[in-house]
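# Structure at a glance
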Amino acid sequence: SETGDIDGEPGDQTGEETRLKRYSAHPLTQRGAWTSCHRFDEALFFQQWPEFAGGKPATVPAPAAPSHAHGIDISSHQGGLNIAAIWADFVIVKVSEGTGYENPFWRAQAEATLAAGKRLGLYHFANDEDAGAQARFFLDRAKAYAGRATFWLDWEADAVGLGPGPALAFLNQVAAETGSTPGFYTYQNVLSSFDWSAVAARFPLWVAGGPDYSDYGRSYSDPPVPNVPYWGGGALVHQYTEDGYLPGYSSHLDLDRLRDRAAWDQMIGGGHVTVSAPAAS
């Protein structure tokens, strides 16, 4: 301060208050005498020096969130995953399989996803048991998350031979009891083996497949979404590899691309879901 104390006076009496000066410690204590802190009042500045107001930068609006998002799907194999630390806009968690298996980590995984502010999905891995009994087993566990998560039916392996009818029954039951619009997961070759038009008329698709599906070894990307029959708007979610890697986790992960965030949110509320193709990313 020009007055030799720590208070100073308004304005600049010496013409040196904005100069740069080398910091020097006290010769005995080796500590600085004091530290000076200041506040800058922009409105007052332009009031006093209006000639600079024309150079004030315009406020730049924050960019809108993209319509698409990147995420992962996990099961008990990723029981040790730190979801809060992983880069994922959404996480789809396996809850159950058939009528007798429950992922012992799913509740912790679901809660960690929500606590981290990520979109949550919950899925059931179907087998060849009665579809109604499987839906009941899944709903008894996952139904409490209605209004906070999307629900998905994983239709592969032993379930494929049952055909579309039982899958449709499962999805209808989940929709009726949760008030949401669940989604349907399968592989590309399954879609070409049956007539899925009744499922596609109401329920969004999560499809698996890609040229590097089992030999990828990289982080997120935006590969072309596969062409699929029956779903005119295409797949809502594309699982393009089971061999992805993300910082913060040493083993491989399933990587997924959500094409339309708004459609995901529509699923939670129920009703017809329209999938819009995202802009180039």
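Above this note sits the structure.
Now for a description of the structure that goes with this document. Source: prediction; values computed, not measured. (Residues numbered from 1 in each chain as written. Predicted model: local features only at pLDDT ≥ 70, side-chain atom pairs only at ≥ 80, totals over all residues. Heavy atoms only, no water.)

## Thoughts on the overall build of the protein
What the protein contains, in helices and strands, is 7 helices and 9 strands. The buried share of the protein, taken over its 281 residues, is 41%. Once local pairs closer than 6 in sequence are excluded, the contacts in the protein between residues at least 24 apart make up 65%. Counting every atom, the protein has about 15,200 Å² of accessible surface; 52% of that belongs to carbon and sulfur. (Helix = DSSP H or I, 4+ residues; strand = E, 2+ residues; numbered from the N terminus. Buried < 20%, exposed > 50% of the residue type's maximum accessible area, 1.4 Å probe, protein only. Contact = heavy atoms within 4.5 Å. Areas by Shrake-Rupley, 256 points an atom, 1.4 Å probe, with all protein chains shown as cover.)

## Here's the deal with the nonpolar core
With 49 residues, the main nonpolar core has Ile72, Leu122, Phe184, Trp196 and Trp231 as its most contacted residues. Here this core gets 5 residues from one element, more than from any other, and that element is helix H4 (residues 164–178). Not counting residues within four places of it along the chain, the set of residues in contact with Phe184 comprises Trp152, Leu153, Trp155, Ala167, Leu171, Leu191, Trp196, Val199, Pro204, Leu205, Trp206 and Trp231. In this structure, Tyr123, Phe125, Leu258 and Ile268 belong to the second largest nonpolar core, which totals 19 residues. (Core = buried A, V, L, I, M, F, W, Y, C linked by side-chain atoms within 4.5 Å.)

## A short note on the layout of surface pockets
Considered as a void within the structure, the second largest pocket measures approximately 400 Å³ in volume. Forming the boundary of the second largest pocket are 20 residues, of which Asp73, Ser75, His77, Tyr123 and Asp254 lie nearest the centre. For the lining of the second largest pocket, the elements supplying multiple residues, two or more each, are strand S1 (69–74), strand S4 (119–125), strand S6 (183–187) and strand S8 (237–244). Split into classes, the residues belonging to the lining of the second largest pocket amount to 8 nonpolar, 6 polar and 6 charged. (1 Å grid on protein atoms, 1.4 Å probe; cavity = no way out; pocket = protein on both sides within 12 Å on 5 of 7 lines; lining within 4 Å. Points joined across faces, edges and corners; volume = space filled by probe spheres on them. Nonpolar A, V, L, I, M, F, W, Y, C, P; charged D, E, K, R; others polar.)

## Some details on the pairing of strand S5 (residues 149–154)
In terms of residue burial, S5 counts as a mostly covered element, since 6 of its 6 residues are buried. Both faces of S5 are covered, namely the face carrying Ala149, Phe151 and Leu153 and the face carrying Thr150, Trp152 and Asp154. Where S4 meets S5, 6 bridges bridge the pair, whose relative direction is parallel. Within S5, the position partnered with Phe125 by the bridge is Asp154. (Pairing = 2+ DSSP bridges.)

## Observations regarding the pairing of strand S9 (residues 253–258)
Of all the 6 residues making up S9, 5 are buried; the element is thus mostly covered by neighbouring parts of the structure. Judged from the 5 bridges that link them, S1 and S9 form a sheet pairing that is antiparallel. The residue of S9 that forms the bridge with Asp73 is Asp254. Sheet topology note: the S8/S9 ladder contains 5 bridges and is antiparallel. Residue Thr241 lies in a different strand from S9, and its bridge partner there is Leu255.

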